[in-house]
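Letter by letter, the chains look like this.
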Amino acid sequence: MDADLYVPGDGWLHRTDPRVKFLITVAMLVLCLVWRNWAFILGVLIVEHIMLVTDHVPAERIAWVWKILAVIIVFIVVLWPVFDPSGTHVLWQWGWLRLTQENLLMAAVMGLRIPALGFACFLTLFTTSQTKLIRGLTSLGLPYKAGLTLATALRYIPVFFSIFQSVSAAQRARGLDLGGKTNAAGKKRNAFVRLVDRFKSYLPIIIAVLIRAYKMSQSVGWAMESRGLNLHGIQRTYRVQLRMTVADWIILMVTVAATAGSIWLMLWRF
């Protein structure tokens, strides 16, 4: 398991200052949440894909995003007309189920909004390393300790997952049953009983992982204290220094202009 979604590369989006990418992501998120226009959201989604493709992000990673969002998109598109029977232009009705032009259009908007919001976040996550991501947040005002906590958490997620896998393998080698599909007589049990038994079987693994995590947190805490983390009156320094280039300022101005134009178009339509 790797908690870092960063895709190594040297494209134009990779070289962009993380603070500019934060602005792009926030602008897309806000506009897609506020404006309920399927054409606009579709346009944002197309722009996001163009940005990723021109930055040479592998198609496999883009397809991976669509794969994890596909189930959510289908559920929203299918269930939205069921729970939202509003609308005056009825296209089909059967009992309490009403398919109207309005709720079908809103279902399409919501179906497009989910991937648009997702790719707006992945624009930054795919093209920004964890170091620059945290450094960008601290340069925008995030406290040093909060940034260090976030960086440490992201760093140790795969470590704890690896510990969980190794402990699980060791427990299974000692005969621990993690399936729990059948009882001692060989008969299948109902789903609820299997779920409870499965949770109970994972308890020794969870306890062992928590003990390992506690010991590791002690060593990490001592290492940070030895580096003067809690000393007062000390000006902290950063290994990664962010500097805006001419290309960053151009991308920033284009983003601000595009956002202002979208807001003007939204207000003009209404």
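Scroll up for the structure.
Here's what I pulled together on the structure shown here. Each chain carries its own residue numbering, running from 1 in the written order of its sequence. Two thresholds apply to this predicted model, a pLDDT of at least 70 for residue-level local features and 80 or more for giving and counting side-chain atom pairs, whereas whole-chain, interface and lining totals are computed over all residues. Calculated side-chain values reflect all of the structure's heavy atoms, with hydrogen atoms and water omitted.

**A look at unusual backbone geometry**
With a phi angle near 70 degrees, H56 is a residue other than glycine that sits in the positive phi range. The way it works is that DSSP assigns letters per residue, a run of H or I at least four long becomes a helix, a run of E at least two long becomes a strand, and they are numbered from the N terminus. Looking at where H56 falls in the secondary structure, it is placed in the loop between helix 3 (38-54) and helix 4 (59-83).

**Some points on the packing of helix 2 (residues 18-34) against helix 6 (residues 130-139)**
Packed helices, taken two at a time, are described by their axes: the angle between them and the distance between them. As a rule, the C-alpha atoms of each element are fitted with a line to give its axis, helices using only the stretch in contact, and angles between N-to-C directions run from 0 to 180 degrees. Contact geometry of helix 2 with helix 6 gives a least axis separation of 9 Å together with a crossing angle of 80 degrees. Comparing their axes, helix 6 and helix 2 come out roughly perpendicular. In this structure, helix 2 contributes P18, R19 and F22 to the contact, and helix 6 contributes K132, L133, G136, L137 and S139. For this classification, the nonpolar set comprises Ala, Val, Leu, Ile, Met, Phe, Trp, Tyr, Cys and Pro, the charged set comprises Asp, Glu, Lys and Arg, and every other residue, Gly included, is treated as polar. Of the residues that constitute the contact of helix 2 with helix 6, the class distribution is four nonpolar, two polar and two charged. If an angle is under 35 degrees, it is roughly parallel; if it is over 145, roughly antiparallel; if it lies from 65 to 115, roughly perpendicular; otherwise it is oblique. Contact between two residues is taken to exist if any of their heavy atoms lie within 4.5 Å; hydrogens are not considered.

**Thoughts on the packing of aromatic side chains**
Note on aromatic pairs: the rings of Phe, Tyr and Trp (six-membered ring only in Trp) are paired at centre separations within 6.5 Å, and the planes decide the class, stacked below 30 degrees, edge-to-face beyond 60, tilted for the rest. Overall, the coordinates contain five aromatic pairs when judged by the stated rule. The interplanar angle of 50 degrees and the centroid separation of 5.6 Å between the aromatic rings of W66 and F119 together place this pair among those described as tilted. Separated by 53 residues along the polypeptide, W66 in helix 4 and F119 in helix 5 (residues 101-127) bring together distant segments of the chain. Through a chain of ring-to-ring contacts, three or more aromatic side chains come together here, namely W64, F122 and F126. The side chain of R61 reaches across the aromatic face of W64, ending 5.6 Å from its centre. Look at NZ for Lys and CZ for Arg. If either is within 6 Å of the ring centre and within 35 degrees of the ring normal, a charge sits over the ring.

**Let's talk about the environment of F164**
You can see F164 is positioned in helix 7 (residues 144-173). Along the sequence, F164 and I206 sit 42 residues apart, while their C-alpha atoms lie 7.7 Å from each other. When neighbours within four sequence positions are excluded, F164 is seen to be in contact with Y202, I205 and V209.

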